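Fold and contact review
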Amino acid sequence: MTEEKKDKEDKEEENDVFPFIEGERIDLVAGNSKWANLFCNWINNPKVRHYSRNIWPQTLEDVKKRFEHSPDRHIRDVASFTIYHKQEKRPIGIVGLDNINWVSRNANLFALIGEPEHWGKGIAGEACALVIKYGFTELNLHKIHAGIFSPNSRSLRAAEKLGFEKETIIKEAIYIDGKYHDNHRFSLLKRDWQKSNE
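In this report, the structure presented in the accompanying data block is examined.

Calculation criteria
- Residues numbered from 1 in each chain as written.
- Predicted model: local features only at pLDDT ≥ 70, side-chain atom pairs only at ≥ 80, totals over all residues.
- Heavy atoms only, no water.
- Buried < 20%, exposed > 50% of the residue type's maximum accessible area, 1.4 Å probe, protein only.
- Helix = DSSP H or I, 4+ residues; strand = E, 2+ residues; numbered from the N terminus.
- Pairing = 2+ DSSP bridges.
- Expected span 1.5 Å × (residues − 1).
- Salt bridge = Lys/Arg side-chain N within 4 Å of Asp/Glu carboxyl O.
- Contact = heavy atoms within 4.5 Å.
- Core = buried A, V, L, I, M, F, W, Y, C linked by side-chain atoms within 4.5 Å.

Burial analysis of strand β8 (residues 179–189) places 8 of its 11 residues in the buried class, the great majority of the element. Taken together, the 7 bridges between strand β6 (residues 143–149) and β8 define a ladder with antiparallel strand orientation. Within β8, the position partnered with Ile148 by the bridge is His184. The pairing of strand β7 (residues 165–176) with β8 spans 8 bridges and is antiparallel. Across the sheet, the residue bridging to Glu165 is Ser187, located in β8. The antiparallel hairpin formed by β7 and β8 contains 2 residues in its connecting segment, where Asp177 sits at a positive phi of about 55 degrees.

This brings us to helix α5 (residues 123–137). Helix length check: α5 (15 residues) gives 21 Å between terminal C-alpha atoms against 21 Å at 1.5 Å per residue, within 8%. Within the sequence span of α5, burial applies to Ile123, Glu126, Ala127, Cys128, Leu130, Val131, Ile132, Tyr134, Gly135 and Phe136.

Below, the discussion takes up the pattern of salt bridges. Within this structure, the stated rule accounts for 7 salt bridges. Close ionic contact of Glu117 with Arg90 constitutes a salt bridge, the shortest N to O distance being 2.6 Å. In this pair, Glu117 sits in the loop between β5 (106–113) and α5 while Arg90 sits in strand β4 (residues 90–101), placing the two residues 27 residues apart along the sequence. A salt bridge links Lys171 to Asp182; the nearest nitrogen and oxygen atoms lie 3.8 Å apart. Of this pair, Lys171 sits in strand β7 while Asp182 sits in strand β8, and the two are 11 residues apart along the sequence. Via salt bridges that share partners, Glu88, Arg90, Glu115 and Glu117 belong to a single interconnected network.

Residue placement: His85 occurs in strand β3 (residues 79–85). Beyond its immediate stretch of four places on either side in the chain, His85 contacts Arg25, Ile26, Arg90, Ile92, His118 and Ile123.

Turning next to the nonpolar core. Nonpolar side chains in soluble globular proteins generally cluster together in the buried interior. Of all hydrophobic cores here, the largest spans 32 residues; its most connected members are Leu28, Ile83, Leu97, Leu109 and Phe164. The dominant element in this core, judged by the number of residues it contributes, is α5, at 8 residues. With near-sequence residues (within four places) excluded, Leu28 lies in contact with Pro19, Phe20, Ile21, Phe81, Thr82, Ile83, Val95, Ala127, Leu130 and Val131. If you look at the next biggest cluster of nonpolar residues, it comprises 13 residues, including Phe39, Cys40, Trp42 and Ile94.

These figures capture arrangement, not role.
Structure, rendered in structure tokens:
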């Protein structure tokens, strides 16, 4: 591929990216079906899926269905974003809220950095902070919760940095690498988030 052709493709890629939430190093953008191959790679990559517990393989067709509109879903219960690296001009993960309960006004926070070279650089923390702000200021959520399994020490530290408080530990709730591990349940209330961001 010539340098000129690559530059043209990069420009076209940029024109297809519409930031919904802007961050410092990353933007959060709506998922795009043209990235289905990339998402499929992340979900099936043994290294990436290790702590996200994707235990069943997913085909490209499975992943593409995520981008299809479902007419029987009248109420959204998921707000999912692609993490787009500004400098590298490419998607590197996904983040969002799922299991949104519009009556009790709570949701579960999730994040996956699909490119291992970006692990441990605070990208997931930045992405989660943007989603938390969105959840409390735009969706008017009352509480955001998250579950992290005990071997995932990096995510356990990140939850505390984001202001989450540990509510409980569910003993031996998940099976990883031939052993049972604990599920640490965290939560963050809107009023506590507001106080820490005054």
